[in-house]
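Structural features, examined
So the chains spell out like this:
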Amino acid sequence: MTTFIHTSDWQLGMTRRFLRHGAGERYAAARLDAIRSIGRAARDTGAEFVVVAGDVFESNQVGRRVILQALEALRDVPVPVYLLPAPPDPQTQTRVYRAPVFTDNRPGNVHVVTNEEPIRVTPEVELVGAPWPAKRLAANPLHAVLDRLTPAAGIQRIALAHGPLDGPAGFPDSAAAIRYNDVRAALDDRRIQYLALGDRHSYTLVGGDERIVYSGTPEVTAFRDPDAGHVNVVRLGPDGVRSEKYTVGTWRFLESEFEITGQSDADDCVRQVEALPDKPRTVLRLHLFGVVDLGLAAALQARFGRWEDVFASVEIDSARLHTAVPDDDPLWDRFGGFAAKTVADLRDTVTAGGPDAETARDALLLFLGLTSDTALAAPSIESPIGGTDRQSRKAEGTL
């Protein structure tokens with residue numbers, strides 16, 4: 001039995017412009033820390049080597065500092081690591097792997113898969129890579145590799161590739177797509193025993209098959225990555241393949257939708273958000289809908305401001321959260337003189353519903369936020385919001 005780690009899509013050098021107040025630096029550091037976590041996973045699981053199925057770097061133009069930091073992190077991995085060039089860091093003359101800063105500082109345990117020749121990684125296991133020679137191709141290079149292979153005799157063979165896959169994974173067809181039927185044929189006649197894939201950022205057993213796997217990115221990159229933050233621990237033996245998801249990521253992108261029609265709804269939303277752990281490494285997106293009065297809208301606005309200071313990023317979509325502006329609201333009694341005249345003009349603008357209505361509404365909320373004593377409930381629940389799927393209604397579950 002041979003154990004190894006399959007990972008991909010490190011995207012080193014990736015930036016996220018929506019991360020502020022130092023969160024961008026923490027996020028970049030987490031992507032490097034994930035490499036060291038993979039090294040610890042190798043020790044914990046007894047893995048003999050690591051394969052990286054492409055997109056190691058975000059681009060061929062990453063800076064010297066990113067490359068050096070990546071190599072230092074790779075130096076700490078206690079087993080050999082095999083890197084596959086793929087978009088956006090393909091095998092061109094300008095590729096990262098030919099830069100002197102890479103070649104001069106590459107640790108001895110790091111190997112770049114530069115061609116399609118089989119590599120004997122252990123006495124029992126052979127690795128065959130399909131590196132990308134350019135950013136855009138007429139066909140995925142894996143197919144040329146599979147066509148040349150013959151059934152493996154006395155060894156276990158791993159194919160290392162990058163790109164979208166047609167068939168049960170649900171990817172759209174493209175010139176560079178990997179043909180699922182060709183992969184299944186190569187597995188069935190024992191030309192390969194396992195296909196390590198990169199490109200999809202969520203952990204995926206293609207068609208439920210433990211032999212065809214997207215490991216996903218070790219640190220989440222977007223809300224559309226429903227199962228990111230993992231590597232695949234693969235156990236390869238004469239009796240078959242076993243794949244096991246192993247978590248290394250520390251960041252989360254959470255998204256949810258809440259209906260708010262009154263104080264209790266708002267309190268429930270606030271309690272769930274406040275109960276989230278590790279806010280500095282959480283990117284939060286909330287979709288709010290319903291109708292609230294101005295006092296509650298102002299209190300929510302103040303709470304949003306607090307969240308912007310404690311989460312890595314907060315995006316509030318309140319386009320469907322409407323604010324009622326009744327004439328008899330007792331809130332108006334707190335204003336006098338010039339302020340009362342200004343508030344009355346703003347209310348008229350909101351009521352008219354013209355192009356300035358949204359700006360007037362925001363101004364009213366600012367006025368009320370400066371004077372409001374309306375409070376939202378403090379956090380009191382023990383179970384935090386979790387997961388990444390957007391929910392259709394507040395009452396249906398969690399973030």
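Details of the structure are given in the entry above.
The following paragraphs examine the structure supplied in this document. The model shown is predicted, which means the values in this text are computed figures rather than measured ones.

Overview of the sheet that holds strand β3 (residues 81-83)
Ordered by their spatial adjacency, 6 strands build an open sheet running β4-β3-β2-β1-β11-β12, and the pairing between neighbours is mixed. Edge positions in the sheet fall to β4 (110-112) and β12 (240-247), since each has one partner strand and no second. Sheet twist, expressed as the mean angle between neighbouring strand axes with direction ignored, is 25°. Relative to β4, β3 runs parallel, the two sharing 3 bridges. Looking at the pairing, V81 lines up with V110 of β4. Sheet contacts for helix α1 (residues 23-45): β1 (2-7), β2 (50-52), β11 (230-237) and β12; angle to β1, the most-contacted strand, approximately 160°.

Some details on the sheet that holds strand β13 (residues 252-259)
Strand order in the open sheet formed by 3 strands is β13-β14-β15, and the pairing between neighbours is parallel. One side of each edge strand has no neighbouring strand; the edge strands of this open sheet are β13 and β15 (313-324). The sheet shows a mean angle of 5° between the axes of neighbouring strands, taken without regard to direction. The sheet contact formed by strand β14 (residues 282-293) and β15 spans 10 bridges and is parallel. In the sheet register, V283 faces β15, and the bridge partner there is S313. Sitting on the sheet, helix α6 (residues 263-274) is in contact with β13 and β14, with an inclination near 175° to β14.

What counts, and at which threshold
- Residues numbered from 1 in each chain as written.
- Predicted model: local features only at pLDDT ≥ 70, side-chain atom pairs only at ≥ 80, totals over all residues.
- Heavy atoms only, no water.
- Pairing = 2+ DSSP bridges.
- Helix = DSSP H or I, 4+ residues; strand = E, 2+ residues; numbered from the N terminus.
- Axes fitted to C-alpha atoms, helices over the stretch in contact; angles between N-to-C directions.
- Contact = heavy atoms within 4.5 Å.

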